[in-house]
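Structural overview for review
Now for the letters of each chain:
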Amino acid sequence: MQRLPFLPRYSLRGTRAKVAFTHDLGMAALSFLVALYLRVGDNFEYFEVGFVVQATVIYLVIAGVAFWAFQLYSGVWRYASVEDLLAIIKAVSVICLVFFAAMFLISRLELVPRSTLPINWLVLIVMLGGPRFVYRLFKDRRAHDAGKRDGEHRTPVLLIGAGDSADLFIRAMNRGKQSAWYAAGLVDEKGGRIGRNIHGVQILGKIDDIPTIIEKMDREGRNPQRLIITNPDIKGEEVQRILDISKELGIGLARMPQLDDFRENIDAAPEIRPINIEDLLGRPQTTLDRSSMAKLIGGRRVLVTGAGGTIGAELCRQIAAFGPTSIALVDNSEYQLYAIDLEIGENAPDLLRRAILADVRDAARMDRVFAEERPELVFHAAALKHVPMVEMHPDEGASTNVIGTKTVADACCTYAAKAMVLISTDKAVNPSSMMGATKRVAESYCQALDLREAARGDERTHFVTVRFGNVLGSTGSVVPLFQRQLAAGGPLTVTHPDMTRFFMTVREAVELVLQSSVQGVTDDAKQGKIYVLDMGKPVKIIDLARQIILLAGRQPDIDVGIQITGLRPGEKLYEEILHASEELIPTTHPGILLATPRATDLDFLASAIDELNEKIQVGDRAKARAIVHRLVPEFKSPDKNNSRNDGTQSAASE
């Protein structure tokens, strides 16, 4: 038998679909008879029995075809929804209209009262939709009751956010047979729904009421063991406030995964994840001028040094999204270069790219790279940044951070790149480490080059220096160290209880780097200046350690200890983003500050850097350090009597 062309390619597969189809046919036949009864009451002698049977059969045939055509059995009764009801209404409307036309052709509607049709329309909708929604209510209630019965075997939690996400969470908890949680109460962050409930879970108060709510629930014997943020819009300072409350109460804090956090087992209850450290920064994301970024990068040849590092890799990702003509990925780490090249190839397969294994300290090699690539935009992220490591190997730090930067900058001038962007650090301000001092020399050289290039007019190469603090989660940074120590059972090591650092996320840092690049290239009045990213308020490292312990559901100094180990070579208690002589100038972007240049003669710098390179080549670390001191007068070497150099890992700056 061939399928009718107007019917969908659809079949009744499975016993339940066939039972549902039979049920609906029975409801259709019954609805027609009920409609006749509601119209004429007990006066059935009005109809001829043969005609009633004939009409019922015709009605059933029309109904069966309509049920099939509208795929009423592709849905699951357990999840009956408004979409299913709309499908039923459409199918019933078609049934009634077609039956009306058939009866008109057969009997001119003389044997069927016309008012029977709207009555039948309503009755059939009720008889088809009613059982579906009653079944769903029954299953939901059964799951809810089962959740209550199993509550003593599950961990009670208090949900923060009384919206759609809380609705999804409670449903998932009720349905998840292996769920470890059950919702004991809700908190409405705005306070407008207090006293109401979602699926039987009461909304008990606002965020500020959490201590009172917990105290009351404790008296009732259902004290929550964890606070779970379900609203994805709760961020920054609000998250910090909730964390402070959870810390005071000794309760862990977590966040419900987002709807786009895909998992393989979709039937399982959602896994609760810890609050990200990024959620606690308390700094709103600034608005970015993406059109200007696209205009700067789109259609241009781009080269990124240090492309496999944390900042370099994120630069490559974001640059690739703006449609450059080509991108050259330069790194001296084979594995890191392979990883970022593979990622860019997967995410931007049409982008012309080249992975180049090279060391920025090798002038001849970099000259060949620039001659082959002819980049128009260069982002220089290659650097040695780990403070204690550079203190142990000051010649290597100076070679990469100073000689490498000069090599790349000189190549930019030789091959007429439009712009070079130097990624710098707040450790270059009043440095106490070789890492910070060498980055300050790199800043000075690029500033001096930018001032010289300004005299060349339109054919100049712009040198843009961008300075920011620690990047959360970057290689060698504090958060991964804390996480490793926590996984090992602790203690978490902090070098000093008063140590503070500026933090930002890698995505935010790179976005602001690109925004600064736009301003540095398009505004010739800002030559030689340094762009400083607004890092917000500095964070105490010991407070960060406590937050990470709390987010893991443990108690600081009780479940996991914090050990003070003493300052390491080159470390400072706090970092600065500006030198005293660097005056701030406002910019058009709220997340970016501009510092006036501390001009240094370019010829003097070039000569000193060449001398530095000579001392590095012969391994004379003392004279190399002395030259860096001469170039950075504010550089204060660490007091070896007050610092450690035993190789112990402690949390501080990178």
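So, a few notes on the structure that sits alongside this text. Just so it is clear, the structure is predicted and the values come from calculations on it, not from any experiment.

**Looking at the overall build of the protein chain**
Secondary structure assignment for the protein chain yields 19 helices and 22 strands. Classification of the 654 residues of the protein chain by burial places 51% in the buried group. Put simply, of all contacts in the protein chain between residues at least 6 apart along the chain, 77% involve residues at least 24 apart. For the protein chain, the accessible area works out to roughly 30900 Å², and carbon and sulfur atoms hold 53% of it.

**Comments concerning the packing of helix α11 (residues 363-373) against helix α13 (residues 394-414)**
Packing of α11 against α13 brings their axes to within 10 Å, and their N-to-C directions diverge by 35°. For the crossing formed where α11 meets α13, the hand is right-handed. Residues Ala363, Met366 and Phe370 of α11 pack against Thr407, Val408, Ala411 and Cys412 of α13. Per-class residue counts for the contact of α11 with α13 are six nonpolar, one polar and no charged.

**Here we look at the packing of aromatic side chains**
Enumeration over the complete set of coordinates arrives at two aromatic pairs. On the basis of an interplanar angle of 90° and a centroid distance of 5.1 Å, the ring pair of tyrosine 59 and phenylalanine 99 is categorised as edge-to-face. Within this pair, whereas tyrosine 59 is found in helix α2 (residues 49-69), its partner phenylalanine 99 is found in helix α3 (residues 82-107), the two being separated by 40 residues in sequence.

**Examining helix α15 (residues 478-487)**
Here α15 has its buried residues at Val478, Val479, Leu481, Phe482, Gln485 and Leu486. Seen end-on, α15 carries its buried residues on one side only, within an arc spanning 160°. Directly after α15, the chain includes glycine 489, whose backbone phi takes a positive value near 95°.

**Observations regarding the packing of helix α8 (residues 290-297) against helix α16 (residues 506-522)**
Contact pair α8 / α16: the axes reach a minimum separation of 9 Å and the direction vectors enclose 70°. As far as their axial angle goes, α16 and α8 are roughly perpendicular. Crossing handedness for the pair α8 and α16: left-handed. Mapping the contact onto sequence places Arg290, Ser292, Met293, Leu296 and Ile297 in α8 and Glu511, Leu514, Gln515, Ser517, Val518 and Val521 in α16. Its residues assigned to classes, the contact of α8 with α16 comprises six nonpolar, three polar and two charged.

**Description of α13**
Its 21 residues give α13 an end-to-end C-alpha distance of 29 Å, which sits within 8% of 30 Å, the value for a rise of 1.5 Å per residue. Of all the bends in α13, the greatest measures close to 25° and is centred on isoleucine 403. Most of α13 sits inside the fold, with 18 of its 21 residues counted as buried. Looking one or two residues past α13, alanine 416 carries a phi angle of roughly 55°, positive in sign.

**Quick look at the pairing of strand β13 (residues 462-468)**
Taken across its seven residues, β13 has seven buried, putting it largely inside the fold. Burial along β13 is two-sided: His462, Val464, Val466 and Phe468 facing one way and Phe463, Thr465 and Arg467 facing the other are all buried. Note: strand β12 (residues 419-425) against β13, seven bridges, orientation parallel. Its bridge partner lying in β13, serine 424 is registered against arginine 467. As paired elements, β13 and strand β18 (residues 530-533) share three bridges and run parallel to each other.

**Some words on the pattern of salt bridges**
Going through the model one piece at a time under the given rule, you end up with 24 salt bridges. Of the charged contacts in the structure, one is a salt bridge between glutamate 376 and arginine 300, with a shortest N-O distance of 4.0 Å. One end of the pair, glutamate 376, is in the loop between α11 and β11 (377-380); the other, arginine 300, is in the loop between α8 and β8 (301-305), and 76 residues separate them in sequence. As a salt-bridge pair, arginine 440 and glutamate 443 come within 2.8 Å of each other at their nearest N and O atoms. Within this pair, arginine 440 and its partner glutamate 443 are both found in helix α14 (residues 434-453), separated by three residues, close to a single helical turn. Comparing arginine 440 with glutamate 443, the two get one shared label, buried. In the salt-bridge network here, residues are joined through shared partners; they are Arg300, Arg301 and Glu376.

**Looking at the environment of glycine 195**
Assignment of secondary structure puts glycine 195 in the loop between β2 (181-187) and β3 (197-198). Distance from glycine 195 to glycine 205, taken between C-alpha atoms, is 7.8 Å for residues 10 residues apart in sequence. With sequence-adjacent residues up to four places away left out, glycine 195 is seen in contact with Gln202 and Ile203.

**Comments concerning a nonpolar patch on the surface**
A contiguous nonpolar surface patch, about 320 Å² in accessible area, is contributed by Val53, Val57, Val61 and Val65. Along the chain, the position of valine 57 falls in helix α2.

Conventions used here
Residues numbered from 1 in each chain as written. Predicted model: local features only at pLDDT ≥ 70, side-chain atom pairs only at ≥ 80, totals over all residues. Heavy atoms only, no water. Helix = DSSP H or I, 4+ residues; strand = E, 2+ residues; numbered from the N terminus. Buried < 20%, exposed > 50% of the residue type's maximum accessible area, 1.4 Å probe, protein only. Contact = heavy atoms within 4.5 Å. Areas by Shrake-Rupley, 256 points an atom, 1.4 Å probe, with all protein chains shown as cover. Axes fitted to C-alpha atoms, helices over the stretch in contact; angles between N-to-C directions. Left-handed = near helix turned anticlockwise from the far one by under 90°. Nonpolar A, V, L, I, M, F, W, Y, C, P; charged D, E, K, R; others polar. Phe/Tyr/Trp six-rings, centres within 6.5 Å; stacked < 30°, edge-to-face > 60°. Arc of directions from axis to C-beta. Parallel < 35°, antiparallel > 145°, perpendicular 65-115°, else oblique. Expected span 1.5 Å × (residues − 1). Bend = angle between axes of the 7 residues up to and from the residue. Pairing = 2+ DSSP bridges. Salt bridge = Lys/Arg side-chain N within 4 Å of Asp/Glu carboxyl O. Patch = residues over 30% accessible without salt bridge, like charges linked within 9 Å, V, L, I, M, F, W, Y side chains within 5 Å.

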